Amino acid sequence: MTATNARPEAGAGARSAVRSGRDLLALILLPVPLALAVLPAAFAGGGTRRWFGGRGGESQRAEAQAAKDAAAEAFYDLDTAQRDLRISIETINAVDSSSRGRKAAEDFAALGRRIDEVSHAYITAVDSHDLDRDDLEPAVASRARTELTRAKDDLVRVKGELDRFAQGLGPLLGSAETQLARLAPAVERARQALLAASNALDAVRAAGLRADELAARLAALAPELTKLNQGAGQHGVPETLQRADVVLRDAEAVRTEAERLPERAAEIDRRLVSLRTRAQALTTRAGSVEPVLSELRRRFSAACWQDLQPVPEQAAVNVRQAEDKLAEAAKAREEQRWADATSRLSTVRALLNAVDEAVSAAGDRLQRLNAVAKDPQQEIERTRFAVRDAQRLAMAGRHTPDPRHARPLDDSVARLERAIAGLEGRHPDYWHFLTETEAVRQTAARVVSDIREERGGGA
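Conventions and cut-offs
Each chain has its residues counted from 1, following the order in which its sequence is written. Selection of residues for local features in this predicted model requires a pLDDT of at least 70, selection of side-chain atom pairs for listing and counting requires 80 or more, and totals for whole chains, interfaces and linings are taken over all residues. Each side-chain value is derived from all of the structure's non-hydrogen atoms; neither hydrogens nor water enter the calculation. The numbering of helices and of strands both runs from the N terminus, where a helix is a DSSP run of H or I of at least 4 residues and a strand a run of E of at least 2. Buried residues are those whose accessible area, probed at 1.4 Å on protein chains only, stays under 20% of the maximum for their type, while exposed residues exceed 50% and partly exposed ones sit between those limits. To measure how exposed things are, a 1.4 Å probe is used in the Shrake-Rupley method; for residues, cover is taken only from the protein chains shown. The quantity called pLDDT is the predictor's confidence in a given residue, expressed from 0 to 100. By definition in these notes, contact holds between two residues if any of their heavy atoms fall within 4.5 Å. Whenever a nitrogen or oxygen atom comes within 3.5 Å of another N or O atom, the pair is scored as a polar contact, on the condition that within protein one atom can donate a hydrogen and the other can accept it, and that pairs from neighbouring residues in sequence are kept only if both atoms are in side chains.

- Identification of the protein chain as Septation ring formation regulator EzrA from Streptomyces filamentosus is taken from an unreviewed UniProt entry.

Dropping the structure here:
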């Protein structure tokens, strides 16, 4: 739609001059008696007025002019609203490629066709009537007023449709404007993150660390930076925002790891020394397992020590494997393969933990068997207390216990009595006794936990 209501008009002075010349020419051409009759009337009136139409014609002309002015204002308002809305649609189209965004563009195009229709009707009405003509007839002025009023009403009606359509675009436009507002800062943050990562890598290399893996990860971001520099016009706003977020996240990860690399190298060095020392200490401790086993075999039944027989050999194997992995970790550290070095050290730690547990288990076994052989009553009372405590809780606030709680506790009492009876004889299985009492205490603890959970949930 194009505003066309800009037609040059003659000034009032020019029109007055034309009329004066035309009047003078008419007086010259009139017969003398008629001229004499006209002149007194002209001077007696105290002024001049248009020859055609009289006062009624002037009124019709004024009403037509008012209709023309109103139509021009409506046309201007519609044109301004359409231009503003076109900017909004272009904003949405730049961001939103969904079906809602496409429908908004299609609906706006349909509205544009209706706007063209009413604008054409308005321009036609304006061009069809020259309201400044001196010989404008009242009927023509009335027809002009009617056509211009109709054009104005059509313009206002379509303007209302345009306004309602614009209101419905609120959510889409708000989302699009938000994304556009995020675009430039997001791209700039991604660029700054890449620069910071590059600077961190330079600092690491200056310290004598290669950081080849980090450098490769940073180089892989170069194509993404190229696409960011090409802009959202080529790749779309949503895709550019997503790409900026990915670049920011990956570059930040590279920078963080690069800054931590000197500390990581120092930590690997400390762990190498610590685990090497621990391996040597466990080698010494593993040598004490055989004397412990010898005493167990001499003083207790076979059931008390048979499961510990493989401990010395397995401990020696684990220590050798740990030493091999330590050598591999040291080589990886020298070659600055940080992930490999860390992985090997984790394996060393797991192997040494296994040795530590096995060696400690032999010593703990002898200590516990010595204690129960000297005084089994302490273990018995400890276990009975756990069962009685669970029984009291099961009976709290009840006349009879819940079978779900009573049955395992009754079974535990019987199990404890059988374990106590097993201590009779010349060579009792003290380890079986200890494992049974431990199982009874675990059952009692489980019943207590279930009761408290049920009552806590009910509250």
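**What to know about the overall build of the protein chain**
Moving on, step 1. The secondary structure content of the protein chain amounts to 16 helices and zero strands.
Moving on, step 2. Looking at the protein chain as a whole, 33% of its 459 residues qualify as buried.
Moving on, step 3. In the form shown here, the protein chain has an accessible surface area of approximately 26900 Å², with 53% of it arising from carbon and sulfur atoms.

**With respect to the confidence of the model for the protein chain**
Moving on, step 1. In this model, the protein chain carries an average pLDDT of 81, and 85% of its residues clear a pLDDT of 70 or more.
Moving on, step 2. Scored below 50 in pLDDT, residues 1-54 shows 39 contacts in the model against residues more than four places distant or in partner chains.

**A look at the side chain of R441**
Moving on, step 1. Secondary-structure assignment places R441 in helix α16 (residues 430-458).
Moving on, step 2. Given the relative accessible area of 10%, R441 is considered buried.
Moving on, step 3. Separated by 2.7 Å, the side chains of R441 and E379 make a polar contact.
Moving on, step 4. One polar contact links R441 to E438, side chain to side chain, over a distance of 2.7 Å.

**Considerations on unusual backbone geometry**
Moving on, step 1. Positive phi values are uncommon outside glycine, yet A211 reaches one of about 55°.
Moving on, step 2. On the basis of relative accessibility, which here comes to 4%, the residue A211 falls in the buried class.
Moving on, step 3. Although it is not a glycine, Q336 sits at a positive phi angle of roughly 60°.

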